[in-house]
Amino acid sequence: MPPHPPPPLPLGPDGYPAPGGVARRTTGTAESRRANRRWWDAAAPAYLAEHGPDLGDVDFLWCPEGLRESEAHLLGDVRGRRVLEVGCGSAPCARWLHRAGAEVVALDLSAGMLARAAGLNRSTGVPVPLVQADVGALPVADAAFDLACSAFGGLPFVADVRAALAEVARVLRPGGRFVASVNHPFRWPFPDSPDPRDLRVESSYFDRRPYVETDDEGTAVYVEHHRTVGDWVRAVVGAGLVLEDLVEPEWTPGRTQEWGQWSPGRGALVPGTLVLVAGRRT
Ligand SMILES: C[S@@+](CC[C@H](N)C(=O)[O-])C[C@H]1O[C@@H](n2cnc3c(N)ncnc32)[C@H](O)[C@@H]1O
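The residue numbering used here restarts from 1 in each chain and proceeds along that chain's sequence as written. Selection of residues for local features in this predicted model requires a pLDDT of at least 70, selection of side-chain atom pairs for listing and counting requires 80 or more, and totals for whole chains, interfaces and linings are taken over all residues. Only hydrogens and water are removed before side-chain values are computed, so all heavy atoms of the structure are retained for them.

### So, the site of the ligand
Keep this limit in mind: The nearness test applies per residue and asks whether one of its heavy atoms lies within 4 Å of the molecule or strand. Throughout this description, a polar contact denotes any pair of N or O atoms lying within 3.5 Å of each other; where both atoms belong to protein, one of them has to be capable of donating a hydrogen while the other can accept it, and for residues adjacent in sequence the pair is counted only when both atoms sit in side chains. For the area figures, the Shrake-Rupley method with a 1.4 Å probe applies, and any residue is considered shielded solely by the protein chains shown. For helices the rule is a DSSP run of H or I covering at least 4 residues; for strands it is a run of E covering at least 2, with both sets numbered from the N terminus onward. Residue polarity follows a fixed list, in which Ala, Val, Leu, Ile, Met, Phe, Trp, Tyr, Cys and Pro are nonpolar, Asp, Glu, Lys and Arg are charged, and the others, Gly among them, are polar.
In the region of the ligand, 19 residues are neighbours, and Y47, D108, D134, V135 and A151 sit closest. A distance of 2.8 Å separates a nitrogen atom of the ligand from a polar atom in the side chain of D134. One of the backbone N or O atoms of V135 is found 3.0 Å from a nitrogen atom in the ligand. Burial of the ligand by the surrounding chains reaches 95%, relative to a free accessible area of 590 Å². Tallying contributions element by element places helix 1 (residues 29-55) first for the shell around the ligand, with three residues. Residues that form the shell around the ligand fall into these classes: 12 nonpolar, five polar and two charged.

### Focus: the pattern of salt bridges
Applicable threshold: For this analysis, a salt bridge means a side-chain nitrogen from Lys or Arg found within 4 Å of a carboxyl oxygen belonging to Asp or Glu.
Across all of its chains, the model carries 16 salt bridges by this definition. Salt bridges here are not isolated pairs; linked through shared partners, they connect R24, D207 and R209.

### Regarding the pairing of strand 8 (residues 220-224)
This is how the line gets drawn: Throughout, exposure labels follow a simple rule: accessible area from a 1.4 Å probe, protein chains only, divided by the maximum for the residue type, with under 20% read as buried, over 50% as exposed, and the rest as partly exposed. We call two strands paired when DSSP finds no fewer than two bridges between them.
Buried residues dominate strand 8, accounting for five of its five residues. Summarising the sheet, strand 7 (residues 211-214) and strand 8 pair through four bridges and their orientation is antiparallel. When the bridges of strand 8 are listed, T214 appears paired with A220. Linking two consecutive strands that pair antiparallel, namely strand 7 and strand 8, is a turn of five residues; a positive phi of about 90 degrees is found at G218 within it.

### Structural notes on the sheet that holds strand 5 (residues 145-151)
The test is simple: Between N-to-C directions, angles cover 0 to 180 degrees, with each direction set by a line fitted to C-alpha atoms, over the stretch in contact for helices. Working rule for contacts: check all heavy atoms of both residues, and any pair within 4.5 Å makes them a contact.
Read from one edge of the open sheet, seven strands run 4-3-2-5-6-10-9, paired in mixed fashion. The two strands at the open ends of the sheet, each matched to only one other strand, are strand 4 (130-132) and strand 9 (241-247). Averaged over neighbouring strand pairs, the angle between their axes works out to 20 degrees when direction is ignored. Where strand 5 lies against strand 6 (residues 172-183), six bridges are found, and the strand directions are parallel. Within strand 6, the position partnered with L147 by the bridge is R177. Sitting on the sheet, helix 3 (residues 92-99) is in contact with strand 2 (82-86), strand 3 (103-108) and strand 5, with an inclination near 175 degrees to strand 3.

As structure tokens, then:
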């Protein structure tokens, strides 16, 4: 922890941090963590004002395509299971798991997001323990959980995803399961637009340099890392997990809710989310 935390990021008219610039450049573990913690602290109110109604307060939405755990059952029967949610944000998934009978712990890097989670714990009366930590260094004993899950939490933002997945594998008991939704790598080369007419390649799918937003001095204030499908498979397997499935959810018929570049128009044509389903070796 730095002795003096950096000041909060200035916000734009939409309530999100307003970047001074955008770059594609290498960023390491510490820089990615520092930037994203600050960004999510500052963005929490705007993010939850925009997406909170769709996420729900006690609900498990895997992705903007509209897949919910209540229909997908990717985690199996959670009753009586010890579950760790990684990158929980305001923790609606963890509260849904609690209500479904799991013994759940919700973890996130951002104090701003966890403050919202604590508020929703109180207003819903569904209390889930909240922990502030980085997915790359889990303050959890080996084999402490039966299941771990993440809905776009943490993994797209870390520089060393194999190390983060190895941490998740460490805290799962043998035979445990990890399910995580992440940005589908296919999205990376296209403009960040919901309009299907903007589906034209503007950068290389194979360019792994992260997307970095900076302040006016060039300090990273938001970092998102890209991995190809093969990179994800190698990271999962390299972390000691067994990959069981790669789910590519299709757009839910009749769903009109847009999330950034996820839209019904694009969703009818191309995937937006990849769900990794992996097990810890027995
Ligand atoms: C897109 S939100 C997903 C949260 C929630 N599942 C949702 O759908 O709103 C991403 C979350 O990942 C968290 N995050 C980013 N980097 C992280 C890291 N290194 N470790 C743990 N959480 C992280 C952010 O603070 C943020 O709450």
